[in-house]
Amino acid sequence: MRNKIIFILSGVGIILAIVSAYIFAIQPLAQKPSFNPAANPYANGIYANGIVESMQAQGENINIYPDVSGRITKIMVTEGAKVKEGDTLLIIDDSVQRAIVQQQKALADAALSLLNELKAQPRPETLDVATAQVVNAKATLRNAQDQLAKQEKSYAINPQSISREALDNARDAEKIAYTNLAVVQKQYDLTKAGAWSYDINNQEKQYIALSKSYTASLALLDKFTIKAPSDGIILTLQAAVGSYASPQGAYDAYTQAQNPLIVMGTPDDRLQVRAYIDEILVPRLADPDKMDAQMFIRGTETHITLKFIRTQPYVSPKIELSDQRQERVDVRVLPVIFSFENSKNLNLYPGQLVDVYVKEK
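Residues numbered from 1 in each chain as written. Predicted model: local features only at pLDDT ≥ 70, side-chain atom pairs only at ≥ 80, totals over all residues. Heavy atoms only, no water.

A.B. asks: Please clarify how the sheet that holds strand 6 (residues 225-227) should be interpreted in this entry.
C.D. replies: Across a sheet, paired strands are connected by hydrogen bonds in the backbone, their directions being either parallel or antiparallel. As summarised here, the arrangement of the 4 strands in space is 6-5-3-8, forming an open sheet in which the pairing is antiparallel. Edge strands, defined here as strands with exactly one partner in the open sheet, are strand 6 and strand 8 (244-245). Summarising the sheet, strand 5 (residues 88-92) and strand 6 pair through 3 bridges and their orientation is antiparallel. Residue pairing across strands places Thr88 opposite Lys227, the latter belonging to strand 6. (Pairing = 2+ DSSP bridges. Helix = DSSP H or I, 4+ residues; strand = E, 2+ residues; numbered from the N terminus.)

Structure (C-alpha coordinates):
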(Lines give C-alpha, C1' and ligand atoms only; values in the text may rest on other atoms or scores of the structure.)
Protein backbone atom coordinates (compact mmCIF):
# COMPACT_ATOMS: atom_id res chain seq x y z
CA MET A 1 0.00 0.00 0.00
CA ARG A 2 2.85 2.32 0.88
CA ASN A 3 4.67 1.70 -2.43
CA LYS A 4 1.45 2.31 -4.32
CA ILE A 5 1.05 5.78 -2.73
CA ILE A 6 4.66 6.64 -3.57
CA PHE A 7 4.16 5.68 -7.22
CA ILE A 8 0.95 7.74 -7.39
CA LEU A 9 2.63 10.84 -5.95
CA SER A 10 5.58 10.38 -8.31
CA GLY A 11 3.22 10.24 -11.26
CA VAL A 12 1.41 13.36 -10.14
CA GLY A 13 4.74 15.18 -9.79
CA ILE A 14 5.80 14.10 -13.28
CA ILE A 15 2.51 15.38 -14.72
CA LEU A 16 2.87 18.71 -12.90
CA ALA A 17 6.43 19.06 -14.16
CA ILE A 18 5.36 18.42 -17.75
CA VAL A 19 2.45 20.87 -17.52
CA SER A 20 4.66 23.57 -15.93
CA ALA A 21 7.33 23.13 -18.56
CA TYR A 22 4.71 23.49 -21.27
CA ILE A 23 3.20 26.61 -19.73
CA PHE A 24 6.51 28.37 -19.15
CA ALA A 25 7.69 27.48 -22.64
CA ILE A 26 4.88 29.48 -24.19
CA GLN A 27 6.28 32.79 -25.54
CA PRO A 28 3.96 35.77 -24.82
CA LEU A 29 3.08 37.87 -27.82
CA ALA A 30 4.84 41.23 -27.87
CA GLN A 31 2.57 44.24 -27.49
CA LYS A 32 2.19 46.40 -30.51
CA PRO A 33 3.94 49.78 -30.17
CA SER A 34 1.62 52.71 -29.58
CA PHE A 35 3.26 54.37 -32.57
CA ASN A 36 5.78 53.33 -35.15
CA PRO A 37 9.31 54.61 -34.56
CA ALA A 38 10.64 57.15 -37.02
CA ALA A 39 11.98 55.38 -40.08
CA ASN A 40 14.87 56.71 -42.10
CA PRO A 41 13.29 58.21 -45.25
CA TYR A 42 16.62 58.27 -47.08
CA ALA A 43 18.80 55.50 -48.38
CA ASN A 44 21.67 57.13 -46.51
CA GLY A 45 20.39 59.43 -43.81
CA ILE A 46 21.89 60.89 -40.65
CA TYR A 47 19.80 60.66 -37.50
CA ALA A 48 19.81 63.50 -35.00
CA ASN A 49 17.87 64.58 -31.95
CA GLY A 50 16.14 67.89 -32.35
CA ILE A 51 14.35 70.42 -30.19
CA VAL A 52 11.62 72.81 -31.32
CA GLU A 53 12.12 76.49 -30.52
CA SER A 54 10.67 79.82 -31.56
CA MET A 55 12.20 81.21 -34.69
CA GLN A 56 14.90 83.80 -34.06
CA ALA A 57 17.02 85.66 -36.58
CA GLN A 58 19.94 85.22 -34.19
CA GLY A 59 20.45 82.90 -31.24
CA GLU A 60 17.70 81.02 -29.46
CA ASN A 61 14.82 82.17 -27.28
CA ILE A 62 14.93 85.52 -25.46
CA ASN A 63 16.08 84.82 -21.90
CA ILE A 64 15.30 87.70 -19.54
CA TYR A 65 17.34 88.16 -16.38
CA PRO A 66 16.80 91.14 -14.05
CA ASP A 67 19.66 93.59 -13.54
CA VAL A 68 18.78 93.99 -9.85
CA SER A 69 17.83 91.77 -6.94
CA GLY A 70 14.69 91.91 -4.85
CA ARG A 71 11.28 90.55 -4.03
CA ILE A 72 8.72 90.45 -6.83
CA THR A 73 5.74 92.64 -5.98
CA LYS A 74 3.65 92.60 -9.18
CA ILE A 75 3.34 90.34 -12.23
CA MET A 76 1.56 91.88 -15.19
CA VAL A 77 1.56 88.95 -17.67
CA THR A 78 0.83 85.24 -17.81
CA GLU A 79 2.44 82.39 -19.72
CA GLY A 80 1.25 82.37 -23.32
CA ALA A 81 0.46 86.10 -23.31
CA LYS A 82 1.47 88.18 -26.32
CA VAL A 83 3.30 91.39 -25.46
CA LYS A 84 4.58 94.44 -27.29
CA GLU A 85 8.01 96.00 -26.92
CA GLY A 86 8.09 98.14 -23.77
CA ASP A 87 5.15 96.43 -22.04
CA THR A 88 5.64 95.95 -18.31
CA LEU A 89 6.14 92.29 -17.44
CA LEU A 90 6.76 92.42 -13.70
CA ILE A 91 7.92 94.76 -10.95
CA ILE A 92 10.56 94.12 -8.28
CA ASP A 93 10.30 95.86 -4.91
CA ASP A 94 11.81 99.33 -5.49
CA SER A 95 10.93 101.09 -2.22
CA VAL A 96 14.55 101.59 -1.10
CA GLN A 97 15.77 102.69 -4.52
CA ARG A 98 12.81 105.08 -4.90
CA ALA A 99 13.76 106.77 -1.59
CA ILE A 100 17.37 107.08 -2.80
CA VAL A 101 16.15 108.72 -6.01
CA GLN A 102 14.09 111.24 -4.04
CA GLN A 103 17.09 112.03 -1.84
CA GLN A 104 19.37 112.52 -4.85
CA LYS A 105 16.80 114.79 -6.51
CA ALA A 106 16.49 116.93 -3.36
CA LEU A 107 20.28 117.31 -3.17
CA ALA A 108 20.48 118.28 -6.84
CA ASP A 109 17.65 120.81 -6.43
CA ALA A 110 19.38 122.34 -3.39
CA ALA A 111 22.65 122.64 -5.32
CA LEU A 112 20.81 124.30 -8.22
CA SER A 113 19.14 126.78 -5.88
CA LEU A 114 22.50 127.75 -4.39
CA LEU A 115 23.99 128.08 -7.89
CA ASN A 116 21.15 130.39 -8.97
CA GLU A 117 21.65 132.39 -5.79
CA LEU A 118 25.33 132.88 -6.58
CA LYS A 119 24.54 133.90 -10.16
CA ALA A 120 21.86 136.36 -8.97
CA GLN A 121 24.25 138.26 -6.68
CA PRO A 122 24.39 141.04 -5.72
CA ARG A 123 21.05 141.01 -3.98
CA PRO A 124 19.46 144.49 -4.32
CA GLU A 125 18.79 144.77 -0.61
CA THR A 126 22.41 143.85 0.23
CA LEU A 127 23.67 146.40 -2.31
CA ASP A 128 21.43 149.07 -0.76
CA VAL A 129 22.96 148.38 2.65
CA ALA A 130 26.48 148.69 1.20
CA THR A 131 25.51 151.96 -0.52
CA ALA A 132 24.11 153.36 2.72
CA GLN A 133 27.31 152.43 4.53
CA VAL A 134 29.35 154.35 1.90
CA VAL A 135 27.10 157.40 2.25
CA ASN A 136 27.41 157.23 6.04
CA ALA A 137 31.21 156.87 5.85
CA LYS A 138 31.43 159.90 3.54
CA ALA A 139 29.32 161.95 5.93
CA THR A 140 31.45 160.86 8.84
CA LEU A 141 34.59 161.82 6.94
CA ARG A 142 33.12 165.19 6.00
CA ASN A 143 32.20 165.86 9.62
CA ALA A 144 35.70 164.90 10.79
CA GLN A 145 37.24 167.16 8.14
CA ASP A 146 35.03 170.10 9.23
CA GLN A 147 35.93 169.60 12.87
CA LEU A 148 39.62 169.43 12.02
CA ALA A 149 39.40 172.62 9.88
CA LYS A 150 37.77 174.51 12.74
CA GLN A 151 40.38 173.31 15.20
CA GLU A 152 43.26 174.25 12.90
CA LYS A 153 41.79 177.71 12.13
CA SER A 154 41.30 178.45 15.80
CA TYR A 155 44.83 177.25 16.56
CA ALA A 156 46.21 179.42 13.78
CA ILE A 157 44.50 182.56 15.23
CA ASN A 158 45.38 181.84 18.81
CA PRO A 159 47.45 178.79 19.77
CA GLN A 160 46.19 179.16 23.32
CA SER A 161 42.55 178.78 22.26
CA ILE A 162 42.82 175.01 21.84
CA SER A 163 45.01 172.37 23.35
CA ARG A 164 47.52 170.44 21.36
CA GLU A 165 45.81 167.16 22.37
CA ALA A 166 42.45 168.26 21.00
CA LEU A 167 44.08 169.20 17.70
CA ASP A 168 45.80 165.82 17.46
CA ASN A 169 42.52 164.02 18.24
CA ALA A 170 40.78 165.93 15.48
CA ARG A 171 43.50 164.98 13.02
CA ASP A 172 43.29 161.30 14.10
CA ALA A 173 39.51 161.36 13.78
CA GLU A 174 39.86 162.64 10.23
CA LYS A 175 42.30 159.85 9.31
CA ILE A 176 40.08 157.21 10.92
CA ALA A 177 37.05 158.48 9.01
CA TYR A 178 39.05 158.45 5.76
CA THR A 179 40.24 154.88 6.37
CA ASN A 180 36.71 153.76 7.27
CA LEU A 181 35.41 155.25 4.02
CA ALA A 182 38.05 153.30 2.07
CA VAL A 183 37.03 150.04 3.78
CA VAL A 184 33.31 150.64 3.23
CA GLN A 185 33.96 151.58 -0.40
CA LYS A 186 35.84 148.33 -1.00
CA GLN A 187 33.06 146.37 0.69
CA TYR A 188 30.58 148.10 -1.61
CA ASP A 189 32.71 147.18 -4.67
CA LEU A 190 32.91 143.58 -3.46
CA THR A 191 29.14 143.38 -2.95
CA LYS A 192 28.44 144.98 -6.32
CA ALA A 193 30.80 142.56 -8.10
CA GLY A 194 28.59 139.62 -7.03
CA ALA A 195 29.76 136.03 -6.42
CA TRP A 196 33.32 135.05 -7.29
CA SER A 197 33.59 133.15 -10.57
CA TYR A 198 35.48 130.36 -8.81
CA ASP A 199 32.62 129.93 -6.31
CA ILE A 200 30.12 129.80 -9.19
CA ASN A 201 32.20 127.24 -11.10
CA ASN A 202 32.63 125.10 -7.99
CA GLN A 203 28.92 125.18 -7.23
CA GLU A 204 28.12 124.40 -10.87
CA LYS A 205 30.34 121.33 -10.71
CA GLN A 206 28.61 120.28 -7.49
CA TYR A 207 25.23 120.62 -9.20
CA ILE A 208 26.39 118.62 -12.24
CA ALA A 209 27.77 115.83 -10.04
CA LEU A 210 24.57 115.61 -7.98
CA SER A 211 22.44 115.71 -11.14
CA LYS A 212 24.38 112.80 -12.62
CA SER A 213 23.97 110.86 -9.36
CA TYR A 214 20.24 111.52 -9.56
CA THR A 215 20.13 110.42 -13.21
CA ALA A 216 22.04 107.23 -12.40
CA SER A 217 19.74 106.45 -9.46
CA LEU A 218 16.70 107.08 -11.66
CA ALA A 219 18.08 104.76 -14.35
CA LEU A 220 18.66 102.09 -11.72
CA LEU A 221 15.09 102.59 -10.47
CA ASP A 222 13.79 101.82 -13.97
CA LYS A 223 15.56 98.45 -13.86
CA PHE A 224 13.23 97.34 -11.06
CA THR A 225 10.48 97.31 -13.69
CA ILE A 226 11.09 94.46 -16.16
CA LYS A 227 9.80 95.37 -19.63
CA ALA A 228 9.52 93.39 -22.83
CA PRO A 229 12.67 93.94 -24.96
CA SER A 230 10.71 93.24 -28.14
CA ASP A 231 7.38 91.98 -29.44
CA GLY A 232 6.84 88.36 -28.53
CA ILE A 233 5.03 85.73 -26.53
CA ILE A 234 5.72 84.65 -22.96
CA LEU A 235 6.90 81.04 -23.06
CA THR A 236 7.83 80.52 -19.41
CA LEU A 237 7.43 82.66 -16.30
CA GLN A 238 9.71 81.50 -13.51
CA ALA A 239 8.27 83.91 -10.96
CA ALA A 240 5.49 84.42 -8.43
CA VAL A 241 4.51 87.41 -6.32
CA GLY A 242 6.69 87.34 -3.22
CA SER A 243 9.45 85.21 -4.72
CA TYR A 244 13.03 86.44 -4.93
CA ALA A 245 14.72 87.36 -8.19
CA SER A 246 18.36 88.17 -8.86
CA PRO A 247 20.66 88.74 -11.86
CA GLN A 248 21.27 84.96 -11.76
CA GLY A 249 17.57 84.41 -12.45
CA ALA A 250 15.04 82.64 -10.25
CA TYR A 251 15.54 79.48 -8.22
CA ASP A 252 13.56 76.48 -9.42
CA ALA A 253 12.66 74.23 -6.49
CA TYR A 254 12.03 71.28 -8.84
CA THR A 255 15.31 71.30 -10.73
CA GLN A 256 17.26 73.12 -8.00
CA ALA A 257 18.81 75.37 -10.64
CA GLN A 258 18.79 79.07 -11.48
CA ASN A 259 16.60 79.60 -14.53
CA PRO A 260 15.80 82.73 -16.55
CA LEU A 261 13.09 84.80 -14.92
CA ILE A 262 11.17 85.00 -18.20
CA VAL A 263 11.64 83.26 -21.55
CA MET A 264 10.10 84.92 -24.60
CA GLY A 265 9.54 83.67 -28.12
CA THR A 266 8.73 85.40 -31.40
CA PRO A 267 5.27 86.95 -31.74
CA ASP A 268 4.22 85.31 -35.01
CA ASP A 269 4.22 81.74 -33.62
CA ARG A 270 6.77 80.66 -36.21
CA LEU A 271 8.90 77.75 -35.04
CA GLN A 272 12.21 76.22 -35.97
CA VAL A 273 14.01 73.05 -34.99
CA ARG A 274 17.58 72.80 -33.77
CA ALA A 275 19.10 69.43 -34.68
CA TYR A 276 22.26 68.16 -32.99
CA ILE A 277 24.51 66.26 -35.43
CA ASP A 278 27.10 63.92 -33.93
CA GLU A 279 30.60 65.22 -34.63
CA ILE A 280 31.51 61.88 -36.24
CA LEU A 281 28.73 62.38 -38.79
CA VAL A 282 29.45 66.04 -39.53
CA PRO A 283 31.77 65.26 -42.52
CA ARG A 284 28.87 63.39 -44.14
CA LEU A 285 26.59 66.45 -44.17
CA ALA A 286 25.67 67.85 -47.57
CA ASP A 287 26.36 71.41 -48.62
CA PRO A 288 23.90 73.95 -47.12
CA ASP A 289 22.26 74.71 -50.49
CA LYS A 290 21.73 70.98 -51.09
CA MET A 291 20.79 69.90 -47.57
CA ASP A 292 17.59 67.88 -47.33
CA ALA A 293 16.03 66.95 -43.98
CA GLN A 294 12.79 65.70 -42.45
CA MET A 295 11.39 65.94 -38.95
CA PHE A 296 9.29 63.25 -37.26
CA ILE A 297 6.99 64.16 -34.39
CA ARG A 298 7.21 61.57 -31.66
CA GLY A 299 4.01 59.72 -30.90
CA THR A 300 2.57 60.33 -34.37
CA GLU A 301 3.04 59.23 -37.94
CA THR A 302 3.59 62.85 -38.99
CA HIS A 303 6.78 63.90 -40.72
CA ILE A 304 7.57 67.39 -41.99
CA THR A 305 10.05 68.58 -44.59
CA LEU A 306 12.64 70.94 -43.16
CA LYS A 307 14.40 73.91 -44.75
CA PHE A 308 17.99 74.67 -43.84
CA ILE A 309 18.53 78.09 -42.19
CA ARG A 310 22.02 78.14 -40.73
CA THR A 311 24.62 76.20 -38.80
CA GLN A 312 25.81 77.20 -35.38
CA PRO A 313 29.55 76.88 -36.10
CA TYR A 314 30.57 75.58 -32.70
CA VAL A 315 30.72 71.91 -31.74
CA SER A 316 29.71 71.52 -28.08
CA PRO A 317 29.13 68.65 -25.62
CA LYS A 318 25.80 66.92 -26.04
CA ILE A 319 24.15 68.16 -22.86
CA GLU A 320 21.61 70.59 -24.31
CA LEU A 321 18.75 68.08 -24.38
CA SER A 322 19.35 66.68 -20.89
CA ASP A 323 19.96 70.05 -19.19
CA GLN A 324 22.53 68.46 -16.91
CA ARG A 325 25.42 70.88 -16.39
CA GLN A 326 27.48 68.28 -14.55
CA GLU A 327 26.85 65.53 -17.08
CA ARG A 328 30.08 63.96 -18.31
CA VAL A 329 29.85 63.04 -21.97
CA ASP A 330 32.33 62.21 -24.69
CA VAL A 331 29.94 63.00 -27.52
CA ARG A 332 30.05 66.43 -29.09
CA VAL A 333 27.47 67.72 -31.53
CA LEU A 334 27.05 70.42 -34.16
CA PRO A 335 23.75 72.37 -33.94
CA VAL A 336 22.02 72.86 -37.29
CA ILE A 337 18.87 75.02 -37.47
CA PHE A 338 15.97 74.24 -39.82
CA SER A 339 12.65 75.95 -40.40
CA PHE A 340 9.33 74.35 -41.29
CA GLU A 341 5.75 75.24 -42.07
CA ASN A 342 3.78 75.05 -38.85
CA SER A 343 0.30 73.80 -39.62
CA LYS A 344 -2.58 74.64 -37.29
CA ASN A 345 -3.33 70.93 -37.08
CA LEU A 346 0.02 70.31 -35.41
CA ASN A 347 0.33 70.73 -31.67
CA LEU A 348 3.96 71.75 -31.50
CA TYR A 349 5.47 73.78 -28.69
CA PRO A 350 8.93 75.23 -28.07
CA GLY A 351 11.02 72.79 -26.08
CA GLN A 352 9.44 69.70 -27.65
CA LEU A 353 11.87 66.93 -28.71
CA VAL A 354 11.63 65.52 -32.24
CA ASP A 355 13.52 63.08 -34.46
CA VAL A 356 15.37 64.49 -37.45
CA TYR A 357 16.89 62.73 -40.44
CA VAL A 358 19.33 64.60 -42.69
CA LYS A 359 20.25 63.25 -46.10
CA GLU A 360 23.91 62.51 -46.57
CA LYS A 361 25.87 64.19 -49.36
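Here the narrative resumes.
A.B. asks: Explain unusual backbone geometry to me, please; I cannot follow it from the model alone.
C.D. replies: When glycine is set aside, most residues are seen to have a negative phi, and most peptide bonds are trans. Between Gln121 and Pro122 the backbone carries a cis peptide bond, its omega angle lying at 5°. By the element assignment, Pro122 lies in the loop between helix 2 (95-120) and helix 3 (124-157).

A.B. asks: Would you mind showing me how to read the packing of aromatic side chains here?
C.D. replies: Each pair of aromatic rings is reported with the distance of its centres and the angle of its planes. Counted under the stated rule, the structure contains 4 aromatic pairs. Plain terms: the ring middles of Trp196 and Tyr198 are 4.8 Å apart, the flat faces sit at 70° to each other, and that makes the pair edge-to-face. Pair check on accessibility: Trp196 and Tyr198 agree, each one exposed. Judged by centre distance (6.1 Å) and plane angle (75°), the ring pair of Phe308 and Phe338 falls under edge-to-face. With Phe308 in strand 14 (residues 303-311) and Phe338 in strand 16 (residues 332-339), this residue pair connects regions lying 30 residues apart in the sequence. Of the residues examined, Phe338 reaches a relative accessible area of 1% and is grouped as buried. (Phe/Tyr/Trp six-rings, centres within 6.5 Å; stacked < 30°, edge-to-face > 60°. Buried < 20%, exposed > 50% of the residue type's maximum accessible area, 1.4 Å probe, protein only.)

A.B. asks: Whenever I open this one, the pattern of salt bridges confuses me. Can you help?
C.D. replies: Opposite charge on two side chains allows them to pair when their charged atoms are near. In total, this model carries 9 salt bridges according to the counting rule given. With its nearest N and O atoms 2.8 Å apart, the salt bridge here joins Arg274 to Glu53. Of this pair, Arg274 sits in strand 12 (residues 271-278) while Glu53 sits in strand 1 (residues 45-54); the two residues are 221 residues apart in sequence, bridging distant segments of the chain. Across the pair, exposure class does not vary: Arg274 and Glu53 are buried alike. (Salt bridge = Lys/Arg side-chain N within 4 Å of Asp/Glu carboxyl O.)

A.B. asks: Looking at this structure, I do not really get the environment of Lys138. What am I missing?
C.D. replies: Topologically, Lys138 is positioned in helix 3. It is 9.4 Å that separates the C-alpha atoms of Lys138 and Val184, two residues lying 46 residues apart in sequence.

A.B. asks: Would you take a moment to explain the pairing of strand 16 for this structure?
C.D. replies: Moving residue by residue along a regular strand, the side chains alternate between the two faces of the sheet. Burial of strand 16 is extensive: 7 of the 8 residues sit out of reach of the surface. As defined by bridge partners, strand 12 adjoins strand 16 across 7 bridges and the pair is classed as antiparallel. Across the sheet, residue Val273 finds its bridge partner in strand 16, namely Phe338. In this structure, strand 14 lies alongside strand 16, joined through 4 bridges in antiparallel fashion. The partner of Arg310 across the bridge, within strand 16, is Ile337. In the sheet, strand 15 (residues 316-317) pairs with strand 16 via 2 bridges, with the strands oriented antiparallel. Across the sheet, Pro317 pairs through a bridge with Arg332, a residue of strand 16.

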